[in-house]
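These are the residues of each chain, in order.
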Amino acid sequence: MIYLIAYISSVVLINYAFSSAPHLDIIWSCWGGLVFILRDMVQTRYGHGALIAMLMALVLSYATSEPAIALASATAFFVSELIDWLVFSITRRPLRDRLWLSSALSIPVDTFIFFGMIGALTPAVIGTAMASKFAGVTAVWLAMAFRARRAAVAG
């Protein structure tokens, strides 16, 4: 339940932050990396219920953010969520591999759609957004791989 609440809250708060302080877009881009990890954890726990969580977050975003930000977020999340859903539905790799693969495919798409739609598609923002998102998901992948290796040695 904590991942679900954190996911919905993060989407709403990031969209609000982009609306209220767009000049800090690099900071909000770093925070965006967390959303991908949370989304994947919600997907793992609730399956297709992740789509309902996404819709809830986007409805709240429309109520608290600028409509253009909410629309860009909705569009980017919809496309990247479809990619994520395909990876989680089709592949049978370990969870850590599905997390990384889904992120490797959806992060660039989400980043270009969102920042393109809000008119902030600059090299600095793209670089920061991509680096922070990939750093976050890679850290989670490494932690999960370490845990799996430790369990294999112990067992």
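Residues numbered from 1 in each chain as written. Predicted model: local features only at pLDDT ≥ 70, side-chain atom pairs only at ≥ 80, totals over all residues. Heavy atoms only, no water.

Chemist: Outline the packing of aromatic side chains, supporting the account with residue identities and numerical values.
Modeler: Summed over all chains, the structure comprises five aromatic pairs. Summarising the aromatic geometry, the rings of Trp100 and Phe134 are spaced 5.8 Å apart at their centres and angled 35° between planes, so their arrangement reads as tilted. With Trp100 in helix H5 (residues 95–117) and Phe134 in helix H6 (residues 123–154), the pair connects residues that are 34 residues apart, well separated along the chain. Given the relative accessible area of 33%, Trp100 is considered partly exposed. A ring pair is formed by Phe114 and Phe115, whose centres lie 5.1 Å apart and whose planes are at 80°; its orientation type is edge-to-face. (Phe/Tyr/Trp six-rings, centres within 6.5 Å; stacked < 30°, edge-to-face > 60°. Helix = DSSP H or I, 4+ residues; strand = E, 2+ residues; numbered from the N terminus. Buried < 20%, exposed > 50% of the residue type's maximum accessible area, 1.4 Å probe, protein only.)

Chemist: Describe the packing of helix H4 (residues 67–90) against H5, and please don't skip the residues or the numbers.
Modeler: Where H4 contacts H5, the two axes come as close as 8 Å, and the packing angle between them is 155°. Comparing the axis directions of H4 and H5 gives the class roughly antiparallel. In the packing of H4 onto H5, the handedness of the crossing is right-handed. Class assignment of the residues belonging to the contact of H4 with H5 gives a composition of 17 nonpolar, five polar and three charged. (Axes fitted to C-alpha atoms, helices over the stretch in contact; angles between N-to-C directions. Parallel < 35°, antiparallel > 145°, perpendicular 65-115°, else oblique. Left-handed = near helix turned anticlockwise from the far one by under 90°. Nonpolar A, V, L, I, M, F, W, Y, C, P; charged D, E, K, R; others polar.)

Chemist: Give me the lowdown on the environment of Pro22, citing residues and values where you can.
Modeler: Among the secondary structure elements, Pro22 is positioned in the loop between helix H1 (2–20) and helix H2 (25–46). Judged by its relative accessible area of 46%, Pro22 is partly exposed. Separated by 128 residues in sequence, Pro22 and Arg150 have C-alpha atoms that sit 43 Å apart.

Chemist: Please set out helix H3 (residues 49–64) residue by residue, giving values where relevant.
Modeler: With 16 residues, H3 ought to run about 22 Å at 1.5 Å a step, and its terminal C-alpha atoms sit 23 Å apart, in line with that. Among all positions in H3, only Ala50, Ala53, Met54, Ala57, Leu58 and Ser61 are buried. All buried residues of H3 fall inside an arc of 135° around its axis, so they share one side. Exposed and oriented more than 90 degrees from the buried face of H3 are Ile52, Leu55, Val59 and Ala63. (Expected span 1.5 Å × (residues − 1). Arc of directions from axis to C-beta.)

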